[in-house]
Amino acid sequence: MTESSSSSLRVSKGYFRYLVFVLILIEILDAYTTAYPLVIPSNIIDEFLADMNRNTAQAIYSIGAGIATIGMYFVFVNQYMADRIGRKKILAFTCFGMAFASLMMILSTTFIMYIVFLFLLYLFFSSDIWMIYINEECPDDKRAIWANIIVSGGIIGVFVSSILRGVFITETSPVGAWRGLSWFAVILGFLCTILVLFTLKETSTYKEHKESGEKVETPSFTENVKALFKSSRRTEYIVVLFLALTNGLSYLFCIVGQEYLRTQGGVSESQVNTAVLITATMILSAYIVSGITGDKIGRKFVLYFWSILLPIFVIIVVMLVNIGMGTSIITWIFFGLVYGAWWGLIGGIRIVTVEIVPTDKRGTAGGLRGFISALGITSGLLLGGIVVLFLGLGMAFILFSIPLFINVPLVYKYIKETKGVDLTSIKA
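Since we're looking at a predicted model, the values are computed, not measured.

A contiguous nonpolar patch, built from Leu383, Ile386, Leu389, Phe390, Leu391, Met395 and Leu399 and spanning about 710 Å² of accessible area, is present on the exposed surface. At the level of secondary structure, the elements contributing two or more residues to the nonpolar patch comprise α18 (359-391) and α19 (393-399). Considering every element that reaches the nonpolar patch, the biggest residue donor is α18, with five residues. Take Leu389: its relative accessible area is 42%, and that puts it in the partly exposed class.

Here's what the structure looks like:
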């Protein structure tokens, strides 16, 4: 390993390239396990809730998915343990968890079983330990671009979910054909677990911290959280948590958007497969835009950009469906842009979180951010289920995306630009 200045590479170029390769594989797994439950809600409803009125089934599915997202609440445990015992062990643990949860979903025979295993999947794919890994090994002035390179590579997982949906789910496929999509996550998850355990090193930044003169007994999770809210940048961190909350509320569209296109938009299974491929392209485009603008213009621009555009895209989709254009490619493009905006915004939030807290609290800060995001997602789904019963999916999507506009003045007033900051120089 070669030590260098704060703005240069912290490890050898050969190892760094290999690390990026492995992290891209993990992000493919992460993106796939995030995406494939989002492209099968109508199929889950068809198998487990077929005896209900469709509007009621949609509401039940939204509530069930909301309960499953409680799994995200335990993300802070994984993140805290990454501070306590190291990034590597927790990264391997989360890869194994994604594979295991996907395997269990294959065995589901009731809606309740499906929700239980979806709960486990949410717990593991939300950990984002890879984000800490890349941010602690790459040059300070290239963090946004490298993070988005990995995420962009990981979008292969979204494309794979789109392609496999077209393979397994057709107009004539059996009702349980969605299970075929889980096998990819099972195989890749166990492979990534092996690669992390036997080929990756602990991050150099974490090792430096543990070996430095500041080495003391690791604070408890509670102590770490208290320290975050006593730090000189606590106001910024609180605003970041609010951004995560509003972004979480808008996730309702991502969860049941495919069901909305199929039922309200009149889109066939083959057309859904095309729309999902377009969506994957829009998500990839959003990450590229975030990576380039994040490093060139700044992190604040990324937060402004997606906070404004996401609710606008949602409104456009609902309007197009309401005027009978659900099967139009224009609608599918805006449909995909909603997903792109959501992931573009959460990517910006993740990077800012990493860049405003010190090394020994970075995992805890990310975990708490994930917890608040999950709280927003769960609230949006549970409350959304009630709104769907009375106002329908379209109005629920709009109501739960509007709060994103509040982000703009908060970011302007309270968030300092963090582009190019030296992570090792951040103090409490």
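Structure's up, so let's keep going.
Take the pattern of salt bridges next. Per the stated rule, a full pass over the model turns up eight salt bridges. In this structure, Arg299 engages Glu355 in a salt bridge whose closest nitrogen and oxygen atoms are separated by 2.6 Å. With Arg299 in helix α16 (residues 299-322) and Glu355 in the loop between α17 (329-354) and α18, this pair connects stretches of sequence that are 56 residues apart.

Below, the discussion takes up the packing of helix α3 (residues 54-68) against helix α14 (residues 252-263). Two numbers describe how α3 lies on α14: the axes approach to 11 Å, and their chain directions differ by 160°. The orientation of α3 relative to α14 falls into the category roughly antiparallel. Handedness of the crossing formed by α3 with α14: right-handed. Residues Arg54, Gln58, Tyr61, Ser62 and Ala65 of α3 pack against Leu252, Ile255, Val256, Glu259, Arg262 and Thr263 of α14. Tallied by class, residues from the contact of α3 with α14 come to five nonpolar, three polar and three charged.

For helix α6 (residues 111-125), which comprises 15 residues, the first-to-last C-alpha distance of 21 Å matches the rise-based estimate of 21 Å (1.5 Å per residue) to within 8%. Among all positions of α6, only Phe111, Tyr114, Ile115, Phe117, Leu118, Leu121, Tyr122, Leu123, Phe124 and Phe125 are buried.

How two helices sit against one another is set out by the angle between their axes and by the gap between those axes. The geometry of helix α2 (residues 41-48) relative to α14 is characterised by a closest axis approach of 7 Å and an angle of 75° between their N-to-C directions. Classified by the angle between their axes, α2 and α14 sit roughly perpendicular to one another. Within the contact between the two elements, α2 uses Pro41, Ser42, Asn43, Ile45 and Asp46 and α14 uses Ile255, Gln258, Glu259 and Arg262. Of the residues contributing to the contact of α2 with α14, the split by class is three nonpolar, three polar and three charged.

This part takes up the packing of aromatic side chains. Using the criterion set out here, one finds 24 aromatic pairs in the structure. The interplanar angle of 50° and the centroid separation of 5.1 Å between the aromatic rings of Phe335 and Tyr339 together place this pair among those described as tilted. Highlighted residues: Phe335 and Tyr339, both in helix α17, separated by four residues, approximately one helical turn. Comparing Phe335 with Tyr339 shows no difference in burial state: the two are buried. Where Tyr339 meets Trp343, the ring centres are 6.4 Å apart and the plane angle is 10°; that geometry is what we call stacked. Separated by four residues within a single helix, Tyr339 and Trp343 lie in helix α17, roughly one turn from each other. Note on Tyr339: relative accessible area 5%, which makes it buried.

What counts and what doesn't
Residues numbered from 1 in each chain as written. Predicted model: local features only at pLDDT ≥ 70, side-chain atom pairs only at ≥ 80, totals over all residues. Heavy atoms only, no water. Patch = residues over 30% accessible without salt bridge, like charges linked within 9 Å, V, L, I, M, F, W, Y side chains within 5 Å. Areas by Shrake-Rupley, 256 points an atom, 1.4 Å probe, with all protein chains shown as cover. Salt bridge = Lys/Arg side-chain N within 4 Å of Asp/Glu carboxyl O. Helix = DSSP H or I, 4+ residues; strand = E, 2+ residues; numbered from the N terminus. Buried < 20%, exposed > 50% of the residue type's maximum accessible area, 1.4 Å probe, protein only. Axes fitted to C-alpha atoms, helices over the stretch in contact; angles between N-to-C directions. Parallel < 35°, antiparallel > 145°, perpendicular 65-115°, else oblique. Left-handed = near helix turned anticlockwise from the far one by under 90°. Contact = heavy atoms within 4.5 Å. Nonpolar A, V, L, I, M, F, W, Y, C, P; charged D, E, K, R; others polar. Expected span 1.5 Å × (residues − 1). Phe/Tyr/Trp six-rings, centres within 6.5 Å; stacked < 30°, edge-to-face > 60°.

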